[in-house]
Amino acid sequence: MSFHTALRNGASSVFLRIEEALDVPFGGTDNPLRHLGAIGLYLLWIIVGTGLYLYAVLDTGIDAVYQSIGYLSLEQWYLGGVLRSLHRYAADGFMLVMMLHLFREWCYGRYHGFRLYSWMTGIPLIWLAYAAGIGGYWIVWDQLAQLSAIATAELLDWLPIFSEPSARNFMSPDSISDRFFTMLVFIHIGVPLLLILGLWAHVHRISHVDYLPSRRAMVATLAILIGLALLKPALSNPPANLATVPGALDFDWFLLFLHPLTDVSSPALVWSLLFGVTALLFALPLLPHPRPQPAAVVDPANCTGCDRCLADCPYAAIAMTQHSSRPGFRLAVVDADLCAGCGICAGSCPSSTPFRRREALVTGIDMPQQPVNALREQLEAALARLEGRTRIIIFACTRGAEAGPLAAVDTAVIGLICAGMLPPAFVEYALRGGADGVLVATCRSGGCEFRLGDLWTSQRLLGQREPHLRRTVPPSRLQLLAASAHDDRTLAEVLAEFRTRLEALPVASDRLPPYLRSASHHA
Amino acid sequence: MLKPAAIVGQVILYGAFAAVIGTFATWPKYQQIPSDVALIKLSISHLGERECRKRTPEELAKMPPNMRAPLDCPRERSDIRLEMDLDGEPIFRTVLHPTGLYKDGVSTVYKRFEVAAGSHRLTVRMDDNLDKPGFDYVKDEQITLAPAQVMVVDFNPDRGGLFFK
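Residues numbered from 1 in each chain as written. Chains lettered and ligands numbered in written order. Predicted model: local features only at pLDDT ≥ 70, side-chain atom pairs only at ≥ 80, totals over all residues. Heavy atoms only, no water.

1. Here's the deal with helix H4 (residues 77-107) of chain A
All names here are of chain A. Here is the rule: Put simply, DSSP marks the helices as runs of H or I at least four residues long and the strands as runs of E at least two long, and each gets a number from the N terminus on. In a helix, the anticipated span is given by 1.5 Å times the number of residues less one. The classification of residues rests on relative accessible area computed with a 1.4 Å probe and restricted to protein chains. Under 20% of the type maximum is buried, over 50% is exposed, and intermediate values are partly exposed.
Here H4 contains 31 residues, and its C-alpha end-to-end distance of 42 Å stays within 8% of the 45 Å for a straight helix at 1.5 Å per residue. Counting buried positions along H4 yields 23 of 31 residues, so the element is predominantly enclosed. Backbone geometry just after H4 places Gly109 at a positive phi near 70°.

Listed below in structure tokens is the structure:
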């Protein structure tokens, strides 16, 4: 195992533990660590919204802007001051969340294969975010702006891009004019627009994007930012004066940390660090990593063109085209480069029902590494083997809790690439094939390796999403559990409770009529 | 419905998030240079000289009438030699090269020097034609720097060459 793999495994283990610990108070839907991208976008919308107000009311002029921002903070503190503080604190929060998002995706190895595009398009966004944030501090044109502008110019001057040092623009008070303010506004509006465009590209190849976190997370995040704005309003430092060096300043370490770093080291070291880390991030996908899973395969003869795989694919790997041999019908087409190999499409396909009488179950879209036919054969073999008073089938995601050790004479375990690849009809098929109960174990909410497997599975089994489990299936005989790789004990406990509950049910109270595919009629 | 313990947990964790943002958005304070120090910024952007040759009448006669420039000037500019002394001690010596692929652009320098506030003797010498011996411009002056003051050393031929501001 390489050093990088060992480091990443260690980091991911720690991060996952923290993430799961936060599930206790938050639950999966509200857990901020599971929705960092959505929270980042939400913070960005706060920045944009407050920024629009500030831009509308600020006086445009290098001296006037300092006065008008001061007026907002001191005289109109209840509106303009709060919005200014929200603008600043949301920007700081965005930086924090963005770096956590980057760290999390690295921890979980999400930088190669079908995620390569999102990874590569995400890296430039870090530069844009810092450029936008640092430029924002300059607009106030206080002493912090002066320090940052000069330090940035001196840093840029180390690169051979200007014929004259750009720091010469800040030599004396009379060298700054209103045109400088115009340039600042251009930077501080133009760069965020580029950032938003880049974000659009960043999420372009995934579907069902979390553009916003849960309502509860949004309310809580806004509440803490407003609380911060009221308790500790963002204020300007003394006005800029290029004839003096600023004294001790309140310093934003989230956005401006490069300036002290340059002061204690050198521009050469800082640029080496920035370019080095960026190159490293771009090069990560070149490091050895697990081979990609085989892509889903469409069988035109069994594809009805129903669009369900298109609707459920988490990575927009499926498109619909005209069916070549059935006029008026559509056909799913898989882009192998985008396919995660999760099997969620196979679980969504109406042709994946095991009740079909064909000897070989060929579905509309299937996974070569775990075909639906093999899943049915595995289930039928397990049903034939099960003995005992209460026979239970466990369908478990192999990335979640380890269900294998629970296999027994009365319990069969069938592992799945992702719980989302389980066609709901398999639950009914198991119950009508002799099982007393079916336990479906997904990953924790928000913790699915393929983003949506746990959500789609629960929605399908609860009748909220097509293809849904038929309503004739008694809910008492189905147990749904969201369990991560660290939840083996929980899975065992839930299985034991489920078994006890099943044994307490009146005999044949809600049993479905048996179904034998091999017989010519329903038995 | 959230359990009370979950609500308490969320309040604590959101509070911690707010505390981290609120704290490091302004703290610790940062001071770029000590309070008893001033800054001298040496910032010069200047075209080095070039040696022009006067064309002879014979040469001019051979040229088309519209191109009879009396001087034949090379495109390349001279390097610039710059020296700065503080209180008699050399603190900076450099030779600036002209920018541009043909070495026909300005030569520039931008350097910061942190010096103790107070009275100092500052001497700057500049030679913008290295083919000729000696310095063409010299500025030697007793200066008094207040704490945190920024003093700029610049060059402008219209202001008599080197000047302190």
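2. Focus on the pairing of strand S1 (residues 37-46) of chain B
All names here are of chain B. Using the following cut-off: Paired strands, in this sense, are two strands between which DSSP finds at least two bridges.
A large share of S1 lies buried, amounting to ten of its ten residues. With burial as the criterion, each face of S1 is covered, one bearing Val37, Leu39, Lys41, Ser43 and Ser45 and the other bearing Ala38, Ile40, Leu42, Ile44 and His46. Alignment of S1 against strand S6 (residues 107-116), held across ten bridges, turns out to be antiparallel. Within S6, the residue paired with Ile44 across the bridge is Val109. Pairing between S1 and strand S9 (residues 150-156): four bridges, direction parallel. Along S9, the bridge assignment pairs Leu42 with Val153.

3. A short note on the domain arrangement of chain B
How we decide: Delimitation of the domains relies on an automatic or database domain assignment.
The domain architecture assigned to chain B consists of domain 1 (1-30) and domain 2 (37-50 + 76-164). Between the C-alpha centres of domain 1 of chain B and domain 2 of chain B the distance comes to 52 Å.

4. Quick word on the packing of helix H1 (residues 3-30) of chain A against helix H1 (residues 4-24) of chain B
Where we set the bar: Angles run from 0 to 180 degrees between N-to-C directions of axes, and those axes are lines fitted to C-alpha atoms, restricted for helices to the stretch in contact. Convention used here: angles under 35 degrees read as roughly parallel, angles over 145 as roughly antiparallel, angles from 65 to 115 as roughly perpendicular, and any remaining angle as oblique. Whether two residues touch is decided by their heavy atoms; if any such pair falls within 4.5 Å, the residues are in contact. Each residue gets one label: Ala, Val, Leu, Ile, Met, Phe, Trp, Tyr, Cys and Pro are nonpolar, Asp, Glu, Lys and Arg are charged, and the others, such as Gly, are polar.
Packing of H1(A) against H1(B) brings their axes to within 8 Å, and their N-to-C directions diverge by 85°. Classed by the angle they form, the pair H1(A) and H1(B) counts as roughly perpendicular. In this structure, H1(A) contributes Leu22(A), Pro25(A), Phe26(A) and Asp30(A) to the contact, and H1(B) contributes Ala6(B), Gly9(B), Gln10(B), Leu13(B) and Tyr14(B). Broken down by class, the residue content of the contact of H1(A) with H1(B) amounts to six nonpolar, two polar and one charged.

5. A closer look at the nonpolar core
The condition is simple: Definition of nonpolar core: a set of buried residues of the types Ala, Val, Leu, Ile, Met, Phe, Trp, Tyr and Cys, connected through side-chain atoms within 4.5 Å.
Counting 89 residues, the largest nonpolar core has Leu43(A), Phe94(A), Trp119(A), Trp141(A) and Phe170(A) as the members making the most contacts within it. Ranked by residues supplied to this core, first place goes to H4(A) with 13 residues. Excluding residues within four positions of it along the chain, Phe170(A) makes contact with Trp141(A), Ala149(A), Ile150(A), Ala153(A), Ser175(A), Ile176(A), Phe180(A), Leu242(A) and Lys41(B). With 58 residues, the next largest nonpolar core counts Phe355(A), Ile414(A), Ile417(A) and Leu512(A) among its residues.

6. Re the sheet that holds strand S8 (residues 137-145) of chain B
Residues and elements named next belong to chain B. Read from one edge to the other, the open sheet built from four strands follows the order S5-S4-S7-S8, with strand pairing classed as antiparallel. Edge positions in the open sheet fall to strand S5 (89-96) and S8, since each of these has one partner strand only. Strand-to-strand twist across the sheet, computed as the mean angle between neighbouring axes with direction ignored, equals 15°. Pairing geometry for strand S4 (residues 80-86) and S5, over seven bridges, is antiparallel. Looking at S5, one finds that Leu86 is bridged to Glu89.

7. Observations regarding the packing of aromatic side chains
Here is the rule we go by: In this analysis, rings of Phe, Tyr and Trp, with Trp reduced to its six-membered ring, are considered paired at centre separations within 6.5 Å, and the interplanar angle assigns stacked below 30 degrees, edge-to-face beyond 60, and tilted for intermediate values.
One pass over the structure, following the stated rule, counts 23 aromatic pairs over all chains. Consider the rings of Phe254(A) and Phe24(B), whose centres lie 6.4 Å apart with planes at 85°: the pair is edge-to-face. Taken together, the positions of Phe254(A) in helix H9 (residues 253-256) and Phe24(B) in helix H1 put the pair across two chains. Judged by its relative accessible area of 12%, Phe254(A) is buried. Look at Phe24(B) and you get partly exposed, because its relative accessible area is 34%. Within the aromatic cluster, the residues linked to one another by ring pairs are Phe15(A), Phe103(A), Trp106(A) and Tyr108(A).

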